[in-house]
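# Descriptive structure summary
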Amino acid sequence: MSKSITIPASAAPSQPILTLALITGRDGGDLERTRRLGPARFERMVRAEVTRRGKTRPCLRIVRNLFTALSDPAGVLTHRPGAFERIAWVLGDWDRARSHQVDVEAEMIAVLDELELTNLVTTIPGLSAVGAAAILAHTGDLRRLTSPRAVVSPAMSMGPL
């Protein structure tokens, strides 16, 4: 009887995907090849992949559970290549979205620079230039607002920046 492997709900959703990205990119779904790496080498490779994609470190519990699942014969093996293909698509979308986010944030800061507000807004503790640009984009022309509270009200509806 095979052991069921579960990913904890409290873990960041990107951790299993990033770990599976390593498997997808490395061997295209040939799980036996990845399993032969052994747990320590697999963990080092996952750590490198997670870092490359902007995270600080992987959740080792998830990495160990996924490594254990590599040798689990349960499931429909013929479906695995399709699953890995879908994972690759998700990661491609994610990489494009992250790249687009960087471009948009640079444009937002450029607008602040044009308005000569970047130095001023970055003196406010806890507020980044991107956060200030987002507030300004959300509130519009500040001259139309009558008080500081009028600025805070729409900014608070945006959620954390």
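Numbering of residues starts from 1 in every chain and runs along the sequence as written. Given that this is a predicted model, residues contribute local features only at a pLDDT of at least 70 and side-chain atom pairs are listed and counted only at 80 or more, while totals for whole chains, interfaces and linings are drawn from all residues. In computing side-chain values, all of the structure's heavy atoms are included and hydrogens and water are not.

Secondary structure elements are taken from DSSP: a helix is a run of H or I of four residues or more, a strand is a run of E of two residues or more, and numbering for both begins at the N terminus. When helices and strands are tallied, the chain shows 8 helices and 0 strands. In sequence order, the secondary structure elements of the chain are arranged as α-α-α-α-α-α-α-α. Each of the 161 residues in the chain was classed as buried or not, and the buried ones make up 27%. Note on contacts: a residue pair is in contact if any heavy atoms of the two residues lie within 4.5 Å. Restricting the contact set of the chain to residue pairs at least 6 apart, pairs at least 24 apart contribute 55%. Of the roughly 10,700 Å² of accessible surface on the chain, a fraction of 58% belongs to carbon and sulfur atoms. Summary of the burial criterion: residues with accessible area below 20% of their type's maximum are buried, those above 50% are exposed, and those between are partly exposed, where the area comes from a 1.4 Å probe applied to protein chains only. Computed with a 1.4 Å probe, the accessible areas rest on the Shrake-Rupley method; for each residue, only the protein chains presented here act as cover.

A few words on the packing of aromatic side chains. When the centres of two rings from Phe, Tyr and Trp lie within 6.5 Å, Trp using its six-membered ring, the rings pair. Their planes under 30 degrees apart give stacked, over 60 give edge-to-face, and anything left gives tilted. In total, this model carries 1 aromatic pair according to the counting rule given. Between Phe 42 and Phe 67 the ring centres are 5.4 Å apart and the planes differ by 45 degrees, which places this aromatic pair in the tilted class. With Phe 42 in helix α3 (residues 39-52) and Phe 67 in helix α4 (residues 60-70), this residue pair connects regions lying 25 residues apart in the sequence. For Phe 42, a relative accessible area of 0% puts it in the buried group. Residue class for Phe 67 comes out buried when judged on its relative accessible area of 14%.

Right, let's get into the pattern of salt bridges. Basic side-chain nitrogens of Lys or Arg form a salt bridge, by our definition, when they fall within 4 Å of a carboxyl oxygen of Asp or Glu. The tally for this structure, following the rule as stated, stands at 2 salt bridges. In this structure, the salt-bridge partner of Arg 47 is Glu 43, at a minimum N-O distance of 3.4 Å. Taken together, the residues span about one helical turn, with Arg 47 and Glu 43 both in helix α3 at a distance of 4 residues. With a shortest N-O distance of 2.5 Å, Arg 96 and Asp 93 are connected by a salt bridge. Of the two residues, Arg 96 and Asp 93 both sit in helix α5 (residues 80-114), 3 residues apart, roughly one turn of that helix.

Buried Ala, Val, Leu, Ile, Met, Phe, Trp, Tyr and Cys residues form a nonpolar core when they are joined through side-chain atoms within 4.5 Å. Formed by Leu 31, Leu 37, Phe 42, Val 46, Val 50, Val 63, Phe 67, Leu 70, Phe 84, Ile 87 and Leu 91, the largest nonpolar core amounts to 11 residues. The set of elements that each furnish at least two residues to this core consists of α3, α4 and α5. Among the nonpolar cores identified, the runner-up in size contains 5 residues, and Leu 112, Ala 129, Ala 132 and Ala 133 belong to it.

Turning to unusual backbone geometry, a few remarks are in order. Non-glycine residue Glu 116 carries a positive phi angle of around 55 degrees. Taking relative accessible area as the criterion, Glu 116 reaches 71% and is therefore assigned exposed.

Angles here are taken between N-to-C directions and fall from 0 to 180 degrees, while the axes themselves are lines fitted to C-alpha atoms, restricted in helices to the stretch in contact. Between α3 and α4, the least distance of the axes is 10 Å, while the angle of their chain directions is 125 degrees. Relative to α4, α3 is oriented oblique. The hand of the α3/α4 crossing is right-handed. In this structure, α3 contributes Pro 39, Phe 42, Glu 43, Val 46 and Arg 47 to the contact, and α4 contributes Leu 60, Val 63, Arg 64, Phe 67 and Leu 70. Any angle that falls under 35 degrees is termed roughly parallel, while one over 145 is termed roughly antiparallel, one within 65 to 115 roughly perpendicular, and all others oblique. Here a crossing is called left-handed whenever its near helix is offset anticlockwise from the far helix by less than a right angle, and right-handed whenever the offset is clockwise.

Moving on to the confidence of the model for the chain. In the predicted model, the chain carries a mean pLDDT of 75, and the fraction of residues at 70 or more is 71%. Low pLDDT, under 50, characterises residues 1-13; the predicted model gives this stretch 14 contacts beyond four residues in sequence or across chains. Looking at any residue, its pLDDT shows the predictor's confidence there, from 0 to 100.

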